[in-house]
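Here is what each chain is made of, one letter per residue.
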Amino acid sequence: MNWLERLAHRHHTPQPALKPLRTALLWFYIALLLFSGLTLAWLTLRDYNANIEEARAQDLLLARSLDEQASRTFLGAEQSAQATIERLAASNGIDSTEEHDLSAETHDRTRQTTQVGEMITIDSQGILHSSSLRYPSKPMDMSDRTYFSYHRDVDDARFLLSPPVLSRTDGRWLIPVSHRINKQDGSFGGVLLTGIDPAYFTRFYDSLKLPRGTHIKLLRSDGVVLMNYPFALAELGRNVRQPDGVRFNGPESAPGSHYRDMGSEGSDELLTYLVSNGDLPLVVSVSSDVNTVMQKFHSDLVSRAISAIVLILVVSVLLYILLRQIRRVEQIESRLYLTQFTVDEAPDAMLWADRQAFIRYANRAASMSSGYTNEELVTYRFLDLFPNITDPQWQDFWYKLTVDKRLVYITHQRDRSGNLLPVEITFNYIEFFQEAYACTTVRDITEQQNSERELRRHRDHLQDLVLERTAEIRTVLDASPLAIMLSVRNTIRLVNPAFEILFGYAASDIIGLPTRVIHASEERYSELISAIWGRINTGGVFRGEIELYRRDHSGFWAMLYAKALVPGDPGKGMITVVEDVTAQRIAAQALRQSERLKRTIIDTTADGFILIDTHRHIVDVNNAFCQQLGFRREDLIGKQPHMLWGDTAQQLFPEQLVKDGNGVSHIAEISLPDNTGRKLPFLVNSASINDEQQRLEYAFAFLTNISHLKDIESRLVEAKESAEEANVSKSAFLANMSHELRTPMHAILSFSEMGISKSGKADPQAMARYFERIHSSGNRLLVLLNDLLDMSRLEANKMRYDKTRHCLQHTVQGAANEIAPLLAGKHLKLFVDDMTPPLEGWFDQSRMMQVVVNLLSNAIKFGPPESTIEINFISDATLDGAPAIGLTVRDHGPGIPDNELDAIFDKFIQSTRVRSSVSGTGLGLAISKQIMEDHGGRIVASNHPHGGAVFTVWIPVGEDD
């Protein structure tokens, strides 16, 4: 029986799974991990305890060796000193012994005993008597030492081991081993001290080559540290019993005690205490660093852990591979069972036949459709069930299967009762285990043939309905005034009469032509058809304005509407409606051109434009309006004017204009604030736009910025006022000048007539007074004429200057000397700053003196009697960035009004405060200002905070251009 027969007789139950095997492997793996972990932990704990015990044993052995060495060291020192002690006792104490002899003896003892660093003797008064290191020794008080106090007060013949001390003879640390010396009468006779050198212990400990981290302490029984290794000076003499008395008392009851503790640097340590078995009260402490002691243990532990991890990884990988293979076998079995079940329970009959047409396998559906059992079917040939297939046909089928691998054939199947059923057989060629089979699927097509007959009947009925609806649609298309076209796959299939009229084609001529014949070019058509299908493929309607061409190649603009007959299926075609919009397009273009012209005029005009609707909302503004007021267009659109400009908006669009809407223009001047709040003057021309019922639809206004015109108007007014003021000043000047000229001239004529009439008769003194008056009036008249001449030269730009370098103080002094009589006449004092160093500048000395004289003359005119005129110099001024010097002239007069500080330098102008009380031409300050400007300098007037006027003059230091 081959595998197909076994498959046919196989029971439909799944094979036993491999899950128990997988579970057993997992439990074995877990047990192995637990066993490995417990074994590793047991070995680690065993080795750890063994290493600790071994370290403690080694430390105890070391402590015993150190104790033995320390005992020998101290006993050797005592033996070395014993002979000296006996001799001192026989000599009746240290006080009775010669220093030289005692120093020599102790020196020899010290050389013979290497552990002894020094031997000294102290007399009964506590004074150093002798030293083995030097002779003679320097007397020093040793009574403060604890060992001296102990021996003096306690009569004890034993050696005393004291805490380490710093030697006062050579400055080294020593471990004192002292002995009391008694006199012959038993009284205290001094102390012999043998100092053990700690370096002796250090050298011995170094020679032991102790492991790193080993610490040694040599203690006295009361806990005082005598020696430590490695040597630490701070530990010497420290009492370790005080901080940890309980632990320290432990060694007293046991020969060796062990502890675990944290070291000074935070490391874990093993401590071993050993109490000396000898007569000396010594305790040896040995500490070892646990990390150093356990270093080999740690390395062994790491090696053992790595080996265990590697072993676990190997086992894990092997287990993973094994489980993966088991899983794969389970999946293969599952797929085989699923395949078998699918084939057996398939709704279609499945038969496997060999090359001789013998049936080798049949599923349950085949048995049910044929009426035979599976066992009966495998005894028949394939041709027995399908009588319409002959042996030659079977061989032909087999040949085709070997080539095409698949074949479909419709025939009839005969069942057990002899009935014939229409079936569809699907042959598949399969080779398995070097054998070829025809795997056939037999499907009952009785229902399919019934359905096909019903579909054909419905198709004929639908064709009749289509023809009927087509006739109706044709009637609608013929009656439509719009051109309609049906196209399928870019080919025209149907057009209506309106289409024929619009494009000049007969229906018989255009049907069957490609749709691109009515378009300008292939490229434009390709772009358009892509856009149309991109829109209508999703069920939408395409709408667009394009240019089309008639049969005579004349173009026109059309509005195109397109919709797919079946969205998503371009093969079903689309319906297109064409509307000629050439006339509308021309009208719209004319309207757009007109609007563009108006928009261009409004946007390019220099006047601002604003448009509002019936609700007083701003609809439009031009760029000029935004630039004039500093607003952005988007900040204005939609706003109401009264929100931006308040009540001023009423002047922009009067209420009567908005209410009546009569179209009459409104012209007015208004002021509108810009975005910074600054008000600008505008000439407004506003009007309304009405609809067909003469109701207001919009209102607009043009705004012309008249700021420039207002400035011109203001300047004209100011010029008119200035001209009028100048005319008044000129009249006052002429009147004043007439008076000024007439007065000295009248005096000259009067006194000359008096002199002529009294010549030869009058007293010479009286004649001298006449001539003096004539001379004074002539000088006064000369000054007036000189001012007029200087003013005329300055105005004609004919003033000559002799500019050289001069000292400003000398120039001022010359001016002061010139006006000294005027000062004396009005009882005024002149103060000139003499603290400022000499200041030199580039100027005409005579003209500068004229300026100073003019300023001092004004100060004399306006200063009250008994007041002071002050002149101060400026040494560190600047003019236009260049260095300059200057001076100030201050009087104590009435001062100058603030609004006249600049005007008093104009010609013919005098201050209103003194115009009626002081005579003058009003030319002095004007001349001074012009002279200073010609020098590149400056002159200004101001008022002093405490009263009086101050005139300040600046002049360049260097030569002007």
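Here, the structure is the one placed above.
Remember, predicted model here, so these are calculated numbers, not experimental data.

### Describing the packing of helix H25 (residues 808–818) against helix H27 (residues 845–862)
Consideration 1: In contact at an axis separation of 9 Å, H25 and H27 are set at 55° when each is read in the N-to-C sense. On the basis of the axis angle, H25 is oblique to H27. Crossing hand, H25 versus H27: right-handed. Contact residues: H25 offers Leu808, Thr811, Val812, Gly814, Ala815, Ala816 and Glu818, while H27 offers Gln845, Met848, Met849, Val852, Val853 and Leu856.
Consideration 2: Residues that form the contact of H25 with H27 fall into these classes: nine nonpolar, three polar and one charged.

### Considering the side chain of Arg847
Consideration 1: Considering the arrangement of structural elements, one finds Arg847 in helix H27.
Consideration 2: There is a polar contact of 2.7 Å between the side chain of Arg847 and the side chain of Gln850.

### A look at the side chain of Asp197
Consideration 1: By the secondary structure assignment, Asp197 is in the loop between strand E6 (188–196) and helix H5 (198–207).
Consideration 2: When residues no more than four places from it in sequence are discounted, the contact partners of Asp197 are Gln115, Gly117, Arg172, Trp173 and Leu174.

### Describing the sheet that holds strand E18 (residues 491–495)
Adjacent strands of a sheet form backbone hydrogen bonds with each other and so pair up, either parallel or antiparallel.
Consideration 1: If you trace the five strands from one edge of the open sheet to the other, you get E18-E17-E21-E20-E19, paired in antiparallel fashion. Looking at strand neighbours, the two that pair on one side only are E18 and strand E19 (542–549), the edges of this open sheet. This sheet shows a mean twist of 35° between the axes of neighbouring strands, independent of strand direction.
Consideration 2: Bridge count between strand E17 (residues 483–488) and strand E21 (residues 574–580): five bridges; the pairing is antiparallel. Along E21, the bridge assignment pairs Ser487 with Met574.

### Digging into the packing of aromatic side chains
Each aromatic ring pair is described using two quantities: the centre-to-centre distance and the angle formed by the ring planes.
Consideration 1: In total, this model carries 25 aromatic pairs according to the counting rule given.
Consideration 2: Centre to centre, the rings of Phe625 and Trp645 are 5.9 Å apart; their planes meet at 80°, and the pair counts as edge-to-face. One end of the pair, Phe625, is in helix H18 (residues 623–629); the other, Trp645, is in helix H20 (residues 641–645), with 20 residues separating them in the sequence.
Consideration 3: Judged by centre distance (5.9 Å) and plane angle (80°), the rings of Phe700 and Phe702 are edge-to-face.
Consideration 4: According to the relative accessible area criterion, Phe702 is partly exposed, its value standing at 28%.
Consideration 5: Put simply, the rings of Phe382, Phe386, Trp394, Phe397, Trp398, Tyr409, Phe427 and Tyr429 touch in pairs and so form one group of aromatic residues.
Consideration 6: Over the ring of Phe358 we find Arg381; its NZ or CZ atom is 5.6 Å from the centre of that ring.
Consideration 7: We note Arg585 situated over the ring of Trp557; from NZ or CZ to the ring centre the distance is 3.6 Å.

Rules behind the numbers
- Residues numbered from 1 in each chain as written.
- Predicted model: local features only at pLDDT ≥ 70, side-chain atom pairs only at ≥ 80, totals over all residues.
- Heavy atoms only, no water.
- Axes fitted to C-alpha atoms, helices over the stretch in contact; angles between N-to-C directions.
- Helix = DSSP H or I, 4+ residues; strand = E, 2+ residues; numbered from the N terminus.
- Parallel < 35°, antiparallel > 145°, perpendicular 65-115°, else oblique.
- Left-handed = near helix turned anticlockwise from the far one by under 90°.
- Contact = heavy atoms within 4.5 Å.
- Nonpolar A, V, L, I, M, F, W, Y, C, P; charged D, E, K, R; others polar.
- Polar contact = N/O pair within 3.5 Å; in protein donor to acceptor, adjacent residues only side chain to side chain.
- Pairing = 2+ DSSP bridges.
- Phe/Tyr/Trp six-rings, centres within 6.5 Å; stacked < 30°, edge-to-face > 60°.
- Buried < 20%, exposed > 50% of the residue type's maximum accessible area, 1.4 Å probe, protein only.
- Lys NZ or Arg CZ within 6 Å of the ring centre and 35° of its normal.

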